[in-house]
Amino acid sequence: MKIELYKLIAFFYIIFFIIIFNVYAGIIESRELSPSQPINYSHRIHVHELGLECSFCHENVEKSATTLPPPVSLCMSCHEAVKTESPEIKKLTKYYESGEPVPWIKVHKFKDWVYFSHKRHIKAGIDCSFCHGEVKAMDVVRKVRSMRMGFCVKCHEIYKAPKECNICHK
Ligand code: HEC
Ligand code: HEC
Ligand code: HEC
Ligand code: HEC
Ligand code: HEC
């Protein structure tokens, strides 16, 4: 029996493209899970080493449905004096002086047809780490939970929280 060479070539050709595609998809996915930020800010340094509370910078998370990243002025309350020679802090100072917010890239982002608010979850005593993982150990924030519908609804079942569609889809 003769092996038909062109079939063999076609076979490896296809395998090759499958591998390339998967590597590429992996790179895209890891970029989405932890995007590279305009300033190399580390939660590990600020939360784990310096012992700052989450609410020191994310106070509005508990208070309102629409949350904003911490303002540069909050960072500058320390960095006007701390590590002023660091290139990253120089970048930060530039934003401060021009009055521009730092264009942080969002790690978690729902489409606007999904409604989520932190307030009731935090009131119900659910820890940040349940949904966000051990942020205090991260140099770069990554998404650790899928945040898909099944994740939300399963927990709502356990806590006997509402499961009507229009609670989360407005
Ligand atoms: C309570 C004071 C404090 C606040 C508030 C603070 N930082 Fe820091 N930050 C520090 C200290 C102290 C270090 C240095 C830690 C070390 O290297 O020993 C640091 C380190 C850094 C570094 C690393 C600098 C380098 O090159 O080593 C960056 C970047 C940074 N902070 C950004 C920020 C940003 C952005 C904010 C606001 C969201 C912020 N910091 C808020 C105290 C603070
Ligand atoms: C010194 C200020 C500071 C403190 C303290 C802090 N954060 Fe942050 N956090 C930031 C900044 C700045 C960003 C935006 C840049 C980034 O994603 O790394 C951020 C981003 C995040 C994000 C990603 C938001 C997104 O884009 O979806 C999560 C989740 C988060 N923080 C959780 C926490 C938790 C949990 C704690 C406490 C364990 C905490 N943070 C403490 C400054 C802070
Ligand atoms: C029940 C799960 C859950 C818990 C508990 C939770 N989060 Fe979140 N968090 C989310 C989801 C989901 C999003 C994305 C919301 C969106 O895209 O509209 C988010 C987004 C964020 C963001 C980005 C906000 C933005 O609009 O850019 C920050 C910062 C954050 N969370 C911090 C915290 C902190 C700090 C705590 C604890 C005090 C906490 N989260 C507790 C689920 C949770
Ligand atoms: C750890 C368990 C848990 C997870 C995970 C969780 N929830 Fe909840 N959720 C609750 C509880 C408990 C309540 C009811 C709080 C109360 O009765 O005050 C609630 C209430 C709500 C409400 C109604 C209250 C409000 O804020 O208007 C919405 C909307 C909601 N959750 C959306 C979500 C979405 C979207 C997700 C997924 C990203 C999610 N939840 C994940 C436990 C959870
Ligand atoms: C506790 C919150 C919650 C409830 C209740 C809920 N959903 Fe969802 N739903 C979500 C989240 C979160 C997503 C995913 C959004 C994303 O991936 O960005 C989603 C996604 C969807 C999608 C898009 C397909 C998919 O799976 O990603 C459809 C369709 C949908 N929901 C329909 C419904 C219907 C119908 C109900 C009522 C039976 C319902 N949802 C109840 C939170 C909820």
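Residues numbered from 1 in each chain as written. Chains lettered and ligands numbered in written order. Predicted model: local features only at pLDDT ≥ 70, side-chain atom pairs only at ≥ 80, totals over all residues.

Some details on the site of ligand 3
In the region of ligand 3, 18 residues are neighbours, and Cys54, His108, Phe110, Cys128 and Cys131 sit closest. Taken together, the elements giving at least two residues each to the shell around ligand 3 come down to α7 (118-123) and α8 (128-132). With 4 residues, the single largest contributor to the shell around ligand 3 is α8. Here the residues of the shell around ligand 3 are counted per class, giving 10 nonpolar, 6 polar and 2 charged. (Near = placed C-beta within 6 Å. Helix = DSSP H or I, 4+ residues; strand = E, 2+ residues; numbered from the N terminus. Nonpolar A, V, L, I, M, F, W, Y, C, P; charged D, E, K, R; others polar.)

Some thoughts on the site of ligand 2
Within the structure, ligand 2 sits among 21 residues, and Cys54, Cys57, Val107, His108 and Cys128 are positioned closest to it. At the level of secondary structure, the elements contributing two or more residues to the shell around ligand 2 comprise α2 (43-49), α3 (54-57) and α8.

Things to note about the domain arrangement of the chain
Domain assignment breaks the chain into domain 1 (1-30) and domain 2 (32-69 + 104-168). Relative to domain 2, the C-alpha centre of domain 1 lies at a distance of 39 Å. (Domains from an automatic or database assignment.)

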